[in-house]
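Chain by chain, the residues run as shown.
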Amino acid sequence: MIRRIAFALSAALATAALGAQPGPNEPTAKDIAKASSKPEPKKDVPGPIERIREEGLKRSQVMPTLSRLTDVIGPRLTGSPALKRANEWTRDRMAEWGLKNAHLEPWGPFGRGWSLERFSAQVIEPQCIPLIALPKAWSPGLEGTLTAELVALEAKTDAELAKFKGQLKGKAVLYGPARDVAARFDPLATRLSDTELLELANAPEPGPARKRAVRTPGRNEQERFRNTLKFLIDEGAALVVEASTRGDGGTLFVAGASVPGGESPTFGADPARPRISGWSKDAPKTLPQVVVAKEHYNRMLRMLQQGERLKLAVELAVRFHDDDLTAYNTIAEIPGGDRKEELVMLGAHLDSWHGGTGATDNAAGVAVCMEAVRILQALKLQPRRTIRVGFWTGEEQGLLGSKAYVAEHFGKDAADRDAHSDKKAAHSAFSSYFNLDNGTGKVRGVYLQGNEAVRGVFRPWLAPFQDLGATTLTLANTGGTDHISFDAAGLPAFQFIQDVVEYSTRTHHSNQDVYDRAQADDLKQASVLMATFVYNTANRDEKLPRKPVAEPPSRSAGDKEGSK
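As the structure is a prediction and not an experimental result, all values here were calculated from the model. (Residues numbered from 1 in each chain as written. Predicted model: local features only at pLDDT ≥ 70, side-chain atom pairs only at ≥ 80, totals over all residues. Heavy atoms only, no water.)

Help me understand the overall build of the chain in this model?
Of regular secondary structure, the chain possesses 16 helices and 16 strands. Each of the 564 residues in the chain was classed as buried or not, and the buried ones make up 50%. Contacts in the chain between residues at least 24 apart in sequence constitute 84% of all its contacts with a sequence separation of at least 6. Put simply, the chain shows about 27500 Å² of open surface, and 51% of that area lies on carbon and sulfur atoms. (Helix = DSSP H or I, 4+ residues; strand = E, 2+ residues; numbered from the N terminus. Buried < 20%, exposed > 50% of the residue type's maximum accessible area, 1.4 Å probe, protein only. Contact = heavy atoms within 4.5 Å. Areas by Shrake-Rupley, 256 points an atom, 1.4 Å probe, with all protein chains shown as cover.)

If you want it as structure tokens, here you go:
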């Protein structure tokens with residue numbers, strides 16, 4: 001048996017040494033070698049838009065950028081050291097990513113900066129009531145801790161106001177009626193519904209811009225308050241306490257301090273009147289001003305109306321900054337190729353109010369624009385036209401930074417009579433500006449700003465993002481942010497349609513405008529859309545089409561220079 005096994009092994013080894021012959025249907029060694037020499041089929045190489053999408057959704061840096069601007073740098077009031085720090089950080093960060101010509105561009109002068117150093121407020125008698133409250137920006141501070149009796153002042157006429165003469169010296173004045181606090185049966189956060197998007201898509205061509213009404217109930221109330229301020233100052237009052245006009249559940253909304261005879265430091269100031277604001281270097285004397293959450297304001301008012309005597313303790317330390325009255329925009333570029341003299345821009349405003357950390361208004365927009373250029377740089381996507389990013393300041397005071405930039409680089413506002421004779425060379429080389437400033441919500445489409453000619457251009461650009469909810473193009477205008485500065489100068493400029501989320505109910509100019517209210521997935525999606533639109537605009541054969549230029553109004557005989 002052993003000898004038979006040994007013989008079989010020897011035969012097998014001999015066969016292996018001579019090379020086994022394949023069967024009739026088996027490939028030969030020559031067939032195998034020939035097959036292995038054939039090139040493998042080419043794999044589909046993703047195009048630039050697919051690559052933008054993958055980079056932006058899978059390797060995003062938008063939230064770390066947002067955290068730096070909000071958690072670390074914090075609120076960025078125009079003119080403040082914090083805003084200057086944000087200017088410098090955004091400049092340096094983009095330079096690290098390889099953008100060129102990163103710099104701060106001055107505009108102004110703006111006026112005084114303001115920083116809050118310490119603040120607390122509480123009722124201390126007849127019981128302790130810690131208050132949810134914030135001072136108004138540019139409010140003067142207090143010497144040490146103010147301990148003062150609280151007085152309710154409700155006066156709608158001069159005669160009613162006169163009744164308080166001689167009663168307010170050293171007092172903290174509760175100004176205004178109780179505010180309604182209704183139960184909320186609808187969600188605070190919403191997204192645009194299909195019906196709302198359809199209404200936007202079917203919006204008619206915008207009509208001519210209507211002049212803002214000067215007299216409104218809100219404006220009359222503001223003017224009455226400014227007039228009352230002078231009376232309170234003359235009477236020696238120590239502090240003014242107001243209820244938040246919006247918000248509830250501990251959310252309060254706060255902007256800038258009023259000054260006697262001045263304009264409200266928000267959009268809509270009467271252009272026919274001289275603008276006097278708390279940030280003006282020569283602003284008139286005003287009182288410290290504090291805004292309190294509705295629920296706490298209403299409780300204090302009800303207690304006073306029932307005969308209780310309340311004593312308030314407030315600490316308010318502030319610092320005004322008047323060593324540099326200039327404000328700055330942050331500018332950086334990705335240089336173009338064969339059409340580098342032509343320009344595509346993207347941007348958002350960097351300044352904020354001081355109640356929160358300016359997350360949804362508008363560090364979110366800045367972070368999205370920074371992420372868009374980071375994506376293009378990371379993918380080494382060379383644009384044909386130069387891409388320039390601008391982060392504007394003074395937006396909250398009336399688009400001041402972007403207006404100054406447009407006037408300096410492209411020419412006067414189209415509303416100016418002489419704008420058509422003041423266009424600069426860069427005006428004709430400009431292709432488009434894209435803006436983001438409607439909170440944290442994802443992009444749902446684009447406001448065409450009355451420019452029907454771009455609809456056919458933008459439609460295929462949105463097509464790859466239907467699964468991400470971006471489908472709508474509307475002819476409608478939208479305002480209140482920096483694309484208006486470009487549009488007014490006759491330049492193509494667009495704001496993206498965004499989901500509202502909690503913008504109007506919780507975060508816009510409020511103490512809840514903080515990092516935690518930002519939606520990461522929405523901002524990643526917005527970054528991808530921004531990068532795509534900027535890249536496509538920079539690389540198409542033609543610049544984006546412009547709206548027809550309206551003829552400037554002709555001068556009448558009574559409208560000559562020097563006439564009144």
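From this point, the discussion proceeds with the structure in view.
Any chance you could explain the packing of helix 4 (residues 62-72) against helix 10 (residues 359-378) here in plain terms?
Between two packed helices, what matters for the description is the angle formed by their axes and the separation of those axes. Between helix 4 and helix 10, the least distance of the axes is 9 Å, while the angle of their chain directions is 135°. Here helix 10 runs oblique to helix 4, going by the angle between their axes. Our pair here, helix 4 against helix 10, has a crossing hand that is right-handed. The segment helix 4 lies against helix 10, with Val-62, Thr-65, Leu-66, Leu-69 and Thr-70 engaging Ala-359, Ala-363, Ala-364, Val-366, Ala-367, Val-368, Met-370 and Glu-371. (Axes fitted to C-alpha atoms, helices over the stretch in contact; angles between N-to-C directions. Parallel < 35°, antiparallel > 145°, perpendicular 65-115°, else oblique. Left-handed = near helix turned anticlockwise from the far one by under 90°.)

Looking at this structure, I do not really get the sheet that holds strand 16 (residues 493-498). What am I missing?
Each strand in a sheet pairs with its neighbour through backbone hydrogen bonds, running either in the same direction (parallel) or in the opposite one (antiparallel). Spatially, the 8 strands line up as an open sheet ordered 1-10-12-11-13-16-14-15, and their pairing is mixed. Bordering the open sheet on either side are strand 1 (100-107) and strand 15 (472-474), each of which pairs with just one other strand. Geometrically, the sheet is characterised by an average inter-axis angle of 25° between neighbouring strands, direction not taken into account. With 5 bridges joining them, strand 11 (residues 339-349) and strand 13 (residues 430-435) adopt parallel strand pairing. Among the inter-strand pairings, Met-345 is bridged to a residue of strand 13, identified as Tyr-433. Set on the sheet, helix 10 makes contact with strand 10 (327-334), strand 11 and strand 12 (385-392); between it and strand 11 the angle comes to about 150°. (Pairing = 2+ DSSP bridges.)

Whenever I open this one, helix 16 (residues 520-539) confuses me. Can you help?
Compared with the 28 Å implied by 1.5 Å per residue over 20 residues, the 29 Å span of helix 16 between its first and last C-alpha is a close match. By the criterion of burial, helix 16 is predominantly enclosed, with 17 of the 20 residues buried. (Expected span 1.5 Å × (residues − 1).)

Quick question: what am I supposed to make of unusual backbone geometry here?
Negative phi values dominate among residues other than glycine, just as trans dominates among peptide bonds. Residue Pro-109 is bonded to the preceding Gly-108 through a cis peptide linkage, with omega at 10°. Structurally, Pro-109 is set in the loop between strand 1 and strand 2 (113-125). For Trp-138, which is not glycine, the phi dihedral falls at a positive 65°. Tracing the backbone shows Trp-138 in the loop between strand 4 (133-135) and strand 5 (145-153).

Quick question: what am I supposed to make of helix 4 here?
Each full turn of the α-helix corresponds to 3.6 residues, which orients residues three or four apart in the same direction. Looking at helix 4, one finds that the buried residues are Val-62, Met-63, Thr-65, Leu-66, Ser-67, Leu-69 and Thr-70. For helix 4, the elements touching its buried residues are helix 5 (81-96), helix 10 and helix 16. Phi for Gly-74, located one or two positions after helix 4, is positive at around 85°.

What should I look at first to understand the packing of aromatic side chains in this one?
Here the distance between the centres and the angle between the planes together describe a pair of aromatic rings. All chains considered together, the criterion is met by 23 aromatic pairs. Seen in terms of ring centroids, Phe-458 and Trp-461 are 5.5 Å apart; in terms of plane orientation they differ by 35°. Their pairing is tilted. Of this pair, Phe-458 and Trp-461 both sit in helix 13 (residues 455-462), separated by 3 residues, roughly a single helical turn. For the pair Phe-458 and Trp-461, one class covers both residues: buried. A ring pair is formed by Phe-458 and Phe-533, whose centres lie 5.1 Å apart and whose planes are at 65°; its orientation type is edge-to-face. Note that Phe-458 is positioned in helix 13 and Phe-533 in helix 16, a separation of 75 residues in sequence. Its relative accessible area of 0% is what places Phe-458 among the buried residues. (Phe/Tyr/Trp six-rings, centres within 6.5 Å; stacked < 30°, edge-to-face > 60°.)

Please clarify how the nonpolar core should be interpreted in this entry.
Here is a general trend for soluble globular proteins: nonpolar side chains tend to be buried in one another's company. Of all hydrophobic cores here, the largest spans 63 residues; its most connected members are Phe-434, Phe-458 and Met-530. Broken down by element, the residue count for this core peaks at 11 residues, all from helix 10. In contact with Met-530, other than residues within four places in its own chain, are Leu-346, Val-368, Cys-369, Ala-372, Phe-434, Asn-435, Leu-436 and Phe-496. One finds Ile-129, Ala-255, Leu-301 and Val-314 within the second-largest nonpolar core, a separate group that totals 37 residues. (Core = buried A, V, L, I, M, F, W, Y, C linked by side-chain atoms within 4.5 Å.)

Help me understand the sheet that holds strand 3 (residues 129-130) in this model?
If you trace the 8 strands from one edge of the open sheet to the other, you get 3-2-9-5-6-7-8-4, paired in mixed fashion. On the outer flanks of this sheet lie strand 3 and strand 4, each paired with one strand and no other. As judged from the 5 bridges shared by strand 5 and strand 9 (residues 311-321), these two strands associate in the antiparallel manner. Bridging from a neighbouring strand, Thr-145 pairs with Glu-315 of strand 9.

Would you take a moment to explain the pairing of strand 8 (residues 289-292) for this structure?
Both faces of the sheet carry side chains from a regular strand, because those side chains alternate between them. A two-sided burial pattern is seen for strand 8, the buried positions comprising Gln-289 and Val-291 on one face and Val-290 and Val-292 on the other. The pairing of strand 4 with strand 8 spans 3 bridges and is classified as antiparallel. Note that in strand 8 the partner of Ala-133 across the bridge is Val-292. In the sheet, strand 7 (residues 239-243) pairs with strand 8 via 4 bridges, with the strands oriented parallel. Within strand 8, the position partnered with Glu-242 by the bridge is Val-291.

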